[in-house]
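Observations on the model geometry
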Amino acid sequence: MIAHGKDIKIFSGNSNRALAENICRELGTQLGNAEVGAFSDGENFVSIYETVRGSDVFVVQSTCSPVNDNLMEMLIMIDAFKRASAGRITAVMPYFGYARQDRKAKPRDPISAKLVANMIVAAGADRVLTMDLHASQIQGFFDIPVDNLLGNPIFTQYFHQRYEGHEDETIVVSPDVGSVARARAFAQKLGMGLAIVDKRRQKANSSEVMNIIGDVRDKKVILFDDMVDTAGSICGAAQALVELGGATEVIACASHGVLSGPAIERIEKSALKEMVFLDTVPARPEVKCDKIKYISVAHMFAEAIERIYEEVSVSKLFL
């Protein structure tokens, strides 16, 4: 029984339309009729071609590259729905851009994640649905409810089927100290051990591997992280695990495949056997790399949207 009596409508920007269509397919509905584009000078525009008055509206938009265009598209869409008297507006952001700028690392730094949160609230969003925020405390940057889904259960199912019965021969590795808590929870679910790659970061988007904490010799390794940007860290960790640690096989997984700069080339040439991503950031059609595999998050987002719409608990999806 739907308590609020509204109908549900799902719209998408241009960043990840394929995922939005798959979410609609899971829910048995159609993607909302809207046009999202840009004028010749680069200004974004949105035209909504159906009524949303009183509707429960979900705007699916990852703020991946081009980050600022996709962010602006989402803000304009939210504003359009607010001015069209939508009953409730949920910003569905499978990948939340600017999440790495969540604190002042040095004097006079901005906290851009907080600024983006303020902009989303000011545009008129009533709640946010996202996945694997780079820093969980970003949820506190918003003055509206935030549901931060975890990609952990999807990866757990994938690797459980792959290594069932061989847990003693496989180990989960955190690529840095900051990801230990995330990797530990993942390892516990799989019933595997945990190791850590200790590294010293010299500058942005580069790192130097220093040491491996734990025994990975003669074991298959699952490198577990939340995102891969230029792939320097994950490929460096894979090389160290093979050359220094003596691992027999390294597979990496991460929720968000940002893959900027030399990332694809690095993965292709790396010691990684396979690189598994969720489709929170869409695969670029021009990129051809046999090592990269994508798993869909459409089912999890569809269930979360359905639960939000029906006003029931979403916490089951965080387990």
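Residues numbered from 1 in each chain as written. Predicted model: local features only at pLDDT ≥ 70, side-chain atom pairs only at ≥ 80, totals over all residues. Heavy atoms only, no water.

**Some thoughts on the UniProt feature "binding site: ATP" (unreviewed entry) in the protein**
Note the following rule: UniProt positions are given in the numbering used here, feature names are shortened, and annotations may be inferred rather than shown by experiment. Strands here mean DSSP runs of E at least two residues long; helices mean DSSP runs of H or I at least four residues long; both are numbered from the N terminus. Burial classes: relative accessible area under 20% of the type maximum marks a residue as buried, over 50% as exposed, and values in between as partly exposed (1.4 Å probe, protein chains only). Whether two residues touch is decided by their heavy atoms; if any such pair falls within 4.5 Å, the residues are in contact.
Those residues carrying the UniProt feature "binding site: ATP" (unreviewed entry) are D41, G42, E43, R100 and Q101 in this numbering. An extended arrangement is adopted by the annotated residues: their sequence extent is 61 residues, and the largest C-alpha distance between any two is 29.7 Å. Within the element layout of this structure, D41 appears in the loop between β2 (34–38) and β3 (44–48). Accessibility expressed as a relative area gives 56% for D41, which makes it exposed. On the secondary structure map, Q101 appears in the loop between β5 (88–93) and α3 (112–123). Among all residues touching Q101, those that are not within four sequence positions of it are P110, I111, S112 and A113.

**Section: the pattern of salt bridges**
The line we're drawing: The rule for a salt bridge is simple: a side-chain nitrogen of Lys or Arg has to be within 4 Å of a carboxyl oxygen of Asp or Glu.
All told, the structure shown has 14 salt bridges when counted by the stated rule. One salt bridge in this structure joins R88 and D56, with 2.6 Å as the shortest N-O distance. Taken together, the residues R88 in strand β5 and D56 in strand β4 (residues 56–60) connect sequence positions 32 residues apart. Exposure remark for R88: the relative accessible area of 11% places this residue in the buried category. The exposure class of D56 is buried, given its relative accessible area of 0%. Three or more residues are tied together by salt bridges with common partners; here these are D56, R88 and E311.

**Observations concerning the layout of surface pockets**
We count it as follows: Cavities and pockets are found on a 1 Å grid laid over the protein atoms alone: a cavity is a set of points where a 1.4 Å probe fits but cannot escape, a pocket is an open set with protein on both sides within 12 Å along at least five of seven lines, and a lining residue has an atom within 4 Å of such a point. Grid points are joined across faces, edges and corners, and a volume is the space filled by probe spheres set on the points. Here the term charged refers only to Asp, Glu, Lys and Arg, the term nonpolar to Ala, Val, Leu, Ile, Met, Phe, Trp, Tyr, Cys and Pro, and the term polar to all other amino acids, Gly among them.
In this structure, the second largest pocket occupies an estimated 320 Å³ of space. Of the residues that constitute the lining of the second largest pocket, the class distribution is 12 nonpolar, 3 polar and 2 charged.

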